Amino acid sequence: MGSHWESLITHPPFGHAIMPEAQAVTKMSSMEKYRFRRALEEIEKAQGRGTELVSVYVPPDRPVFEVTNYLRGEYSQSSNIKSASTKKHVMQAIESIINRLKEYRMPPPNGLVAFVGHKDVGADQTKMVAYVLQPPEPVQSFLYRCDSRFFTEPLHEMLAEKDVYGLVVIDQGEATLGILEGKRITPLKNVQSLVPRKHRMGGQSARRFERLHEQAVHEFFKKIGDLMTEAFLNRRELRGLILGGPGYTKDTFVKEGYLHHELNKKVLGTFDTGYTDESGLRELVANARDVLRDLDLMREKALVQRLMEEIRKEGGGLSAYGEDQVRRALELRAVDLLLLSEGIRKLRLQVRCSNGHEAVKTVADEATLPKCPECGAEYQVVERRDIVEEFSALADASNAKVELVSADSDEGELLLKAFGGIAAILRYRVA
Ligand code: ZN
């Protein structure tokens, strides 16, 4: 059990040049997130019969011996627990965590989270479960909790959407660059321009001033364009750029090609703000909020709409849907884009009966496994896999792209309800 969950999350920190003091940004892939969410679902289902489920959060900088000492203290405290079974269960849980911690001197880079305890499995029975996770973000503070449920709140916070956007507020006098991650705005750089203020002047000097002014604006825009390239171009997790500022400057800046062409493609929009300093960044995010919120859903909607367009074509166009059809298309390497609903809750099971007959089954619930059709014996599960995991592995093996689609939009719901959550756009038609 343990090893499956322990291997949940691995991803390298993402370095960037311009702001060494800013925290390294990490982003889980949608598949990693999916796995993590599923793990949490599993953990949250557990319920203790008493306050006997132990959750421990260990920050990365906490020496393990300190944690072990703390747990030993809790262990001796728990000898005071009145209920004999709760006492026994709590002590076993703490002991198990101490044993698991023996592998470490220091915690892994993001720290460690352990959930251990006896969960109620009905019929007056309990079962000991132990999950050790390496979280996707650093554990902030040490926490020990013993309750009838595992304490997972901090992990949910880590999972919350943290899309990354580049921010720029600009006018002719000043520009500020920043990064938006989830709800956090980090200013990166503030630049004042050398563009001279306009004065009333007549004749020759007015024209000369105009030229100087234009030249200075050009230099300033060029400089901001370069800074943006440096700050944003190599951030692969960047979902887009939003620009703000008073008046038309921001639009002129975008239209006249001061942005690297790759960044130009990422511009999501420009928004009016009154300021071009740090407070301008906050204004910008507030004004762009609706656009940002819709982006994720829009992407999902577009994917499902593309599928529907194919389905409407004669003979189903380049579409495949439903588990069997899509599985076959994947095996033929005919899938270009695999669409999987995050709402599927199915398992792919390898089963074997006591007489050695083997089969592979997809079920929503293991309890509904049929009997072996050849001999009538019960099946035993040899291997189980989440079906989303299984399909995504099939897609990887055949070089198909995978998109996980939430059930939050009408289109996402359609994918789940009408097609069992599995559909594909094909490279070529399969008979
Ligand atoms: Zn059999």
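The rules behind the values
Residues numbered from 1 in each chain as written. Predicted model: local features only at pLDDT ≥ 70, side-chain atom pairs only at ≥ 80, totals over all residues. Heavy atoms only, no water. Helix = DSSP H or I, 4+ residues; strand = E, 2+ residues; numbered from the N terminus. Rg over C-alpha atoms; globule rule 2.2 N^0.38 Å. Contact = heavy atoms within 4.5 Å. Lys, Arg positive; Asp, Glu negative; His and termini not counted. Charge placed at Lys NZ, Arg CZ, Asp CG, Glu CD. 1 Å grid on protein atoms, 1.4 Å probe; cavity = no way out; pocket = protein on both sides within 12 Å on 5 of 7 lines; lining within 4 Å. Points joined across faces, edges and corners; volume = space filled by probe spheres on them. Nonpolar A, V, L, I, M, F, W, Y, C, P; charged D, E, K, R; others polar. Core = buried A, V, L, I, M, F, W, Y, C linked by side-chain atoms within 4.5 Å. Buried < 20%, exposed > 50% of the residue type's maximum accessible area, 1.4 Å probe, protein only. Donors = N, O, S within 2.8 Å, 3.2 Å for Na, K, Ca; no water. Tetrahedral: all angles 85-135°; square planar, octahedral: opposite > 155°, others 65-115°. Pairing = 2+ DSSP bridges. Axes fitted to C-alpha atoms, helices over the stretch in contact; angles between N-to-C directions. Domains from an automatic or database assignment. Phe/Tyr/Trp six-rings, centres within 6.5 Å; stacked < 30°, edge-to-face > 60°.

Peer 1: I tried to follow the overall build of the chain on my own but got confused; where do I start?
Peer 2: For the chain, the helix and strand inventory stands at twelve helices and 16 strands. The C-alpha radius of gyration of the chain comes to 28 Å, more than 25% above the 22 Å expected for a compact globule of 431 residues. Taken along the three principal axes of its C-alpha coordinates, the chain extends 100 × 65 × 30 Å. Long-range pairs, those at least 24 residues apart, make up 69% of the contacts in the chain between residues at least 6 apart in sequence. Here the chain carries 61 positive and 63 negative side-chain charges, and the mean point of each set is 1 Å from the other.

Peer 1: I tried to follow empty space enclosed by the protein on my own but got confused; where do I start?
Peer 2: Regions of empty space are outlined by a rolling probe, equal in size to a water molecule, passed over the atoms. Applying the stated rule across the entire model yields one cavity of 30 Å³ or more. The space that makes up the largest cavity amounts to roughly 40 Å³. If you go around the largest cavity, the residues you meet are Ile 97, Arg 100, Leu 101, Tyr 104, Leu 112, Ala 114 and Val 132. For the lining of the largest cavity, the element with the most residues is helix 4 (residues 84-101), which contributes three residues. Classifying every residue of the lining of the largest cavity by side-chain character gives six nonpolar, no polar and one charged.

Peer 1: Would you mind showing me how to read the nonpolar core here?
Peer 2: Nonpolar side chains in soluble globular proteins tend to be buried together. Counting 26 residues, the largest nonpolar core has Leu 177, Ile 224, Met 228, Phe 232 and Phe 253 as the members making the most contacts within it. Elements with a minimum of two residues in this core: strand 5 (164-170), strand 6 (174-181), strand 7 (184-192), helix 6 (203-232), strand 8 (238-245) and helix 7 (249-255). For this core, the element with the highest residue contribution is helix 6, accounting for nine residues. Dropping the residues within four chain positions of it, Met 228 is found in contact with Val 168, Leu 177, Leu 233, Leu 241, Phe 253, Leu 259 and Leu 263. In this structure, Ile 97, Ile 98, Tyr 104 and Leu 112 belong to the second largest nonpolar core, which totals 20 residues.

Peer 1: It is not clear to me how the coordination of the zinc ion should be interpreted in this structure. Could you clarify?
Peer 2: Donor atoms from the polypeptide that bind the zinc ion are Cys 353 (SG), His 357 (ND1), Cys 372 (SG) and Cys 375 (SG), placed at 2.1 to 2.3 Å. Viewed at the metal, the four donor atoms of the zinc ion are separated by angles of 102 to 119°, and the geometry they form is tetrahedral. Taken in chain order, the donor set of the zinc ion reads C-x3-H-x14-C-x2-C. On the criterion of sequence distance, the pair formed by His 357 in the loop between strand 12 (347-353) and strand 13 (358-363) and Cys 372 in the loop between strand 13 and strand 14 (379-386) is long-range, its members being 15 residues apart. Assessed through its relative accessible area of 23%, His 357 is described here as partly exposed.

Peer 1: Quick question: what am I supposed to make of the sheet that holds strand 7 here?
Peer 2: Adjacent strands of a sheet form backbone hydrogen bonds with each other and so pair up, either parallel or antiparallel. In spatial order, the strands read 7-6-5-8-9; together these five strands make up an open sheet with mixed pairing. Of all the strands in the sheet, the pair left with one neighbour each is strand 7 and strand 9 (267-272). Averaged over neighbouring strand pairs, the angle between their axes works out to 20° when direction is ignored.

Peer 1: Where do I start with the domain arrangement of the chain in this structure?
Peer 2: Put simply, an interface is often sized by how much accessible area is lost when its parts join up. Entries for the chain in the domain assignment read domain 1 (2-159), domain 2 (164-294) and domain 3 (299-426). For domain 2 and domain 3, the distance between their C-alpha centres works out to 45 Å.

Peer 1: Is there a simple way to explain the packing of aromatic side chains in this structure?
Peer 2: Working definition: an aromatic ring pair is given by the centre-to-centre distance plus the angle between the planes. Scanning all chains against the criterion turns up eleven aromatic pairs. Ring centres 5.4 Å apart and planes at 80° place the aromatic pair Phe 221 and Phe 253 in the edge-to-face group. Here Phe 253 lies in helix 7 and Phe 221 lies in helix 6, a separation of 32 residues in the sequence. On the basis of an interplanar angle of 80° and a centroid distance of 5.1 Å, the ring pair of Phe 221 and Tyr 258 is categorised as edge-to-face. Of this pair, Phe 221 sits in helix 6 while Tyr 258 is found in the loop between helix 7 and helix 8 (261-264), placing the two residues 37 residues apart along the sequence. Neither residue differs from the other here; Phe 221 and Tyr 258 are each classed as buried. Among the aromatic side chains, those forming a connected cluster through ring pairs are Tyr 57, Phe 115, Tyr 131, Phe 150 and Phe 151.

Peer 1: Got a minute to help me understand the sheet that holds strand 16 (residues 422-426) in this structure?
Peer 2: The sheet built from four strands is open, its strands ordered 10-16-11-15 with mixed pairing. A strand with exactly one partner marks an edge of an open sheet, and here the two such strands are strand 10 (319-321) and strand 15 (401-405). For this sheet, the mean inter-axis angle between neighbouring strands, taken without regard to orientation, is 20°. Note that strand 10 and strand 16 share three bridges and pair antiparallel. Bridging from a neighbouring strand, Tyr 321 pairs with Ala 423 of strand 16. This element, helix 10 (residues 323-331), spans strand 10, strand 11 (335-341) and strand 16 of the sheet and lies at about 125° to strand 10.

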